[in-house]
Amino acid sequence: MSENVTKPAKKSRESHAAKRLTVGEKIATIPPKGSDMAFLHTTLCQVGLPRSKVAGRVYERQSGTDSLRIEAGSLFIGGKWVEQPLPYGPMPRLALAFISTYAKRHKTRHVPIGESAYEFLRMIGLFSGGKRYGMLQTQIHALAACHMMIGRSEGGASKTFKTDIAEEFAVWVGDEVQRGIWPGQFTLDQRYFDALMENGVPLDQRALMGLSGSALALDVYCWMAHRLHRIEGRPLLLRWASLREQFGQDYQGKEADKDFKKKFLPALEKVLEVYPQATVKRAPGTGGGLMFFPSAPPIPKA
């Protein structure tokens, strides 16, 4: 029985590793073109969505002076309100990056997302498959329904910014199987769109595709792309406790830092394969941690 469980997982890991290797070679040798540029909301580069399924209906994360609170919402489907889960994992990250990129590039809140789940999977660079259709529909519905609040400390004052991701989202219901039919369009909330247009973080779309198998690696990449080129002078030293606070608040207990470190270092290695400009070194001394050096952004400044 164990063979049936482990073989697909091993095959999937090998597939992601091969894809990442190919992507890394292209990024290292071929400068990004305009079509390679992707964008994401600044706050979501600092504090990401949930990486695994959340039992409750509220999710909170904090990074420095910024805090993110996401509340699960509901959609009106088939004549009634249906509660949606919180979005989680790599899929909503890739979907939101695609939606945000299209919106910023074309200066519109109305983003076409294909005529079917199959087509949208291809648009965001994921392989198609039976289980992926249902997962994509679940995650898109979760993104459209959730409510987002951003807390920020500025000079002694604490500010709260309320925003949703979607302003309008149509869920069509089929007569025969009563299963949602793909909506075709995703309309961004005006406040989310305005923040994206003003401060969207440029990313390399090829790197996102190379990291599509790991939500943690995607979060680390987006944070490094946003943060490393803004470091001035001395490198940024982050001990393991600080890194866990940034990326692994779900790790608790006596061995929290140690357990987080086991997950974080492999994710970091994946990121460095597709972000060759980044310079990261182990911190010297007994305290542990990592040193992040000033590095060129994935997309050169114009």
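The shown structure was predicted, so the numbers you read here are calculated from the model rather than taken from an experiment. (Residues numbered from 1 in each chain as written. Predicted model: local features only at pLDDT ≥ 70, side-chain atom pairs only at ≥ 80, totals over all residues. Heavy atoms only, no water.)

1. Some points on the overall build of the protein chain
The following threshold applies: The helix and strand labels rest on DSSP assignments: H or I over at least four residues marks a helix, E over at least two residues marks a strand, and numbering proceeds from the N terminus. In what follows, a contact means two residues having at least one pair of non-hydrogen atoms within 4.5 Å. Using a 1.4 Å probe, accessible areas were evaluated by the Shrake-Rupley method; residue-level cover was limited to the displayed protein chains. In this tally, Lys and Arg are treated as positive and Asp and Glu as negative; His is ignored, and so are the chain termini. A single reference atom marks each charge: NZ on Lys, CZ on Arg, CG on Asp, CD on Glu.
If you tally the helices and strands in the protein chain, you get 10 helices and 16 strands. Based on the C-alpha atoms only, the size of the protein chain along its principal axes is roughly 65 × 55 × 45 Å. At a minimum sequence separation of 6, the contacts of the protein chain that also span at least 24 residues come to 65%. Taken as a whole, the protein chain presents about 16000 Å² of accessible surface, with 53% of it coming from carbon and sulfur. Across the protein chain, the centroid of the 42 positively charged side chains sits 6 Å from that of the 29 negatively charged ones.

2. Description of the nonpolar core
Threshold: Within this scheme, the nonpolar core is defined by two criteria: the residues are buried Ala, Val, Leu, Ile, Met, Phe, Trp, Tyr or Cys, and they are joined through side-chain atoms within 4.5 Å. For each residue, the accessible area found with a 1.4 Å probe, counting protein chains only, is set against the maximum for its type, and the residue is called buried under 20%, exposed over 50%, and partly exposed in between.
In this structure, L208, M224 and F292 are the most contacted members of the largest nonpolar core, which totals 81 residues. For this core, the element with the highest residue contribution is helix α8 (residues 215–227), accounting for 9 residues. Not counting the four nearest positions on each side in its chain, L208 is found in contact with A38, L94, A97, L203, L218, Y221 and C222.

3. Quick notes on the layout of surface pockets
Sizing a probe to match a water molecule and rolling it over the atoms shows the empty space that remains. Test applied: Using protein atoms alone on a 1 Å grid, points that fit a 1.4 Å probe yet trap it form a cavity, whereas open point sets bounded by protein on both sides within 12 Å along at least five of seven lines form a pocket; residues with an atom within 4 Å of a point count as lining. Grid points are joined across faces, edges and corners, and a volume is the space filled by probe spheres set on the points. Residues are sorted three ways: Asp, Glu, Lys and Arg are charged, Ala, Val, Leu, Ile, Met, Phe, Trp, Tyr, Cys and Pro are nonpolar, and all the rest, Gly among them, are polar.
Of the voids in this model, the largest pocket is the one considered here, and its volume is about 510 Å³. Listed by contribution, the elements that provide at least two residues to the lining of the largest pocket are α1 (2–29), α8 and α10 (256–274). Split into classes, the residues belonging to the lining of the largest pocket amount to 8 nonpolar, 7 polar and 7 charged.

4. With respect to the environment of D189
The condition is simple: Side-chain atoms alone can form a polar contact between residues adjacent in sequence; in general such a contact is a pair of N or O atoms within 3.5 Å, and within protein one must be able to donate a hydrogen while the other accepts it.
Note on placement: D189 falls in the loop between β12 (185–188) and α6 (190–199). Note: C-alpha distance between D189 and I165 (24 residues apart in sequence) is 5.4 Å. Those residues in contact with D189 that sit more than four places away from it in its chain are R109, T163, D164, I165, A166 and E167. Within the structure, the side chain of D189 is placed 2.9 Å from the backbone nitrogen of R191, a separation counted as a polar contact.

5. What to know about the confidence of the model for the protein chain
Parts of the prediction with low pLDDT should not have their coordinates interpreted in detail. Note the threshold: On a scale of 0 to 100, pLDDT captures the predictor's confidence in every residue.
Mean pLDDT over the protein chain stands at 87; residues scoring 70 or higher make up 91%. Note on residues 1–8: pLDDT under 50 across the span, and 1 contact to partners over four residues away in sequence or across chains. Confidence drops under a pLDDT of 50 for residues 175–179, and excluding neighbours within four residues, the segment shows 5 contacts in the predicted structure.

6. Side note on the state of the cysteines
Put plainly, a disulfide is one covalent bond tying together the sulfur atoms of two cysteines. What counts here: By convention in this document, the label disulfide applies to cysteine sulfur atom pairs within 2.5 Å.
Tallying each qualifying case throughout the model produces 0 disulfides. For C146, which is in no disulfide, the shortest distance to another cysteine sulfur is to C45 and amounts to 16 Å. For C146, a relative accessible area of 1% puts it in the buried group.

7. Some words on α10
Here is the rule we go by: Working rule for helices: expected span equals 1.5 Å times residues minus one. We define the bend at each residue as the angle formed by axes fitted to the 7 residues ending at it and the 7 residues starting at it.
Given a rise of 1.5 Å per residue, 19 residues ought to cover 27 Å, and the 28 Å separating the end C-alpha atoms of α10 matches this to within 8%. The largest bend in α10 comes to about 25°, at K262, with the proline P266 one to four residues further on. Taken residue by residue, α10 has A256, F260, F264, L265, A267, L268, V271 and V274 as its buried positions.

8. Quick word on the pattern of salt bridges
Any two side chains of opposite charge can pair, given that their charged atoms come close. Short version of the rule: Salt bridge criterion: a side-chain nitrogen from Lys or Arg within 4 Å of a carboxyl oxygen from Asp or Glu.
Tallied over the entire structure, the rule returns 14 salt bridges. Residues R61 and D219 are paired through a salt bridge, measuring 3.7 Å at the closest nitrogen-oxygen approach. Placement of the pair is R61 in strand β2 (residues 58–63) and D219 in helix α8, with a sequence separation of 158 residues. Pair check on accessibility: R61 and D219 agree, each one buried. Where salt bridges share partners, they join R51, R61, R93 and D219 into one cluster.

9. Observations regarding the environment of E245
Residue position: E245 is located in helix α9 (residues 240–247). Between the alpha carbons of E245 and S100 there is a distance of 27 Å; along the sequence they are 145 residues apart.

10. What about empty space enclosed by the protein?
The final tally for this structure, using the stated rule, is 3 cavities of 30 Å³ or more. If you add up the space inside the largest cavity, you get close to 120 Å³. L40, L44, R93, D219 and C222 are, among the 13 residues lining the largest cavity, the residues nearest its centre. Going through the elements one at a time, α3 (90–106) and α8 are the ones with two or more residues in the lining of the largest cavity. At 4 residues, α3 tops the list of elements feeding residues into the lining of the largest cavity. Here the lining of the largest cavity is composed, by residue class, of 10 nonpolar, 1 polar and 2 charged.

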